[in-house]
Each structure stands twice: as C-alpha cells, then as structure tokens.
Amino acid sequence: KNVLPKIENGALYDFNRRGRDIAPLINMGNHLSSLGEYDKALEAFDRLIEEASVLTWKNPKRKEIEFPTRIARAGVYKDMDLLSEAGADFAESIRINAHGYGDLDGVVWMDMGEIQLQLGYHDQAWASFAKARESGYQEEVDVLEDKLKDLEESLLKRWLQENL
C-alpha cells in the first residue's frame with residue numbers, strides 16, 4: 001500500500017506556497033525510514049527534491065524545500081550504509097546553506113565528518129569536525145576526534161611494522 005502523498009505537476013510547490021509547512025512530509029519520510037521502509041522514505045524525499053528542482057535557485061521556496069529534505073535523505077542513506085550517497089546529500093545541504101539559507105548546525109558537520117572518516121578521507125573529516133566544534137558540539141566532536149586519532153595511530157603503527 002502506498003502511503004505517500006501524490007506529488008506531481010507543482011502540487012508540492014502549491015502546497016508550500018500557501019504557507020503550509022513541508023515538515024509533515026519530511027516527518028513521514030523519517031517515520032518510514034524508522035520502520036525500515038527505506039525505499040519508500042527515499043521515494044518521498046526524492047519526490048520533494050525533484051519538485052523543488054523545477055524552481056529557480058532565486059526562488060526561496062526551492063531552498064526551503066531542498067535544504068531539510070537533503071539532510072533527511074542523507075540520514076536514510078547513512079542508515080542504509082550508503083555513505084557516498086549520504087555524503088553527497090550532506091555536502092549539498094552545506095552548499096545550500098553557504099548561499100544563505102538554513103540553520104546548519106554542528107550535527108550536519110559531525111555527520112559529514114563521520115562519513116568522511118569511514119570513507120578514509122581523514123583530512124576532510126578533521127575539517128568537518130572543526131566546523132562542528134565551532135557550532136558548539138565540543139563533547140560529541142571530542143569522541144569522534146579521539147576515534148580518528150586512534151585510527152590514524154593504528155594505521156601509522158601498521159605501516160611502520162610493514163615497512164621497517
């Protein structure tokens with residue numbers, strides 16, 4: 001049974017333009033993900049992003065729709081262990097915020113850094129953790145940075161054993 005609302009021919013834009021909040025649609029996608037219905041959650045988020053993409057970048061509704069949807073979709077990808085896809089959506093949400101929209105906080109930077117860490121992009125992970133720390137997530141970042149330090153020390157130790 002398809003529980004997703006029908007979104008086509010500008011219906012989402014019209015829904016949002018009339019002053020209604022898209023949060024219920026994002027919450028529905030998050031709920032589907034929490035039930036393990038990842039494909040349905042991704043379908044909901046993909047439709048929201050597709051609908052937003054017909055709007056120009058100058059239209060604030062595009063960013064208003066796309067910014068939180070990309071963060072939500074990245075969370076689903078992360079839960080599915082599709083780290084490259086999650087990283088791409090987190091990066092796009094950061095890019096959207098750089099153009100003046102959204103309350104991007106340290107959580108997105110921490111998630112981005114954690115993905116970069118898992119993918120082996122340690123320099124980028126350090127930079128993301130620094131941004132998260134700037135946003136006030138000291139204790140959470142300390143844990144992730146300790147994990148990264150331990151990993152780098154372990155890799156160095158292994159390299160030294162193999163090459164000396």
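Computed from a predicted structure; not experimentally measured.

Draft legend 1. Layout of the pattern of salt bridges. Evaluation of the coordinates by the stated rule reveals 13 salt bridges. Between Arg70 and Asp89 there is a salt bridge, and its shortest N-O distance comes to 2.6 Å. Of this pair, Arg70 sits in helix H4 (residues 60-79) while Asp89 is found in helix H5 (residues 83-98), placing the two residues 19 residues apart along the sequence. Look at Arg70 and you get buried, because its relative accessible area is 13%. The buried category is assigned to Asp89, whose relative accessible area is 2%. A salt bridge links Glu162 to Arg158, with the nearest nitrogen and oxygen atoms 3.7 Å apart.

Draft legend 2. Molecular detail of a nonpolar patch on the surface. Taken together, the side chains of Leu156, Trp159, Leu160 and Leu164 make up a nonpolar region of the molecular surface, amounting to roughly 460 Å² of accessible area. With respect to the helices, strands and loops of the structure, Trp159 is situated in helix H8 (residues 138-163).

So, how was this worked out
Residues numbered from 1 in each chain as written. Predicted model: local features only at pLDDT ≥ 70, side-chain atom pairs only at ≥ 80, totals over all residues. Heavy atoms only, no water. Salt bridge = Lys/Arg side-chain N within 4 Å of Asp/Glu carboxyl O. Helix = DSSP H or I, 4+ residues; strand = E, 2+ residues; numbered from the N terminus. Buried < 20%, exposed > 50% of the residue type's maximum accessible area, 1.4 Å probe, protein only. Patch = residues over 30% accessible without salt bridge, like charges linked within 9 Å, V, L, I, M, F, W, Y side chains within 5 Å. Areas by Shrake-Rupley, 256 points an atom, 1.4 Å probe, with all protein chains shown as cover.

Just geometry here; none of it tells us what the structure is for.
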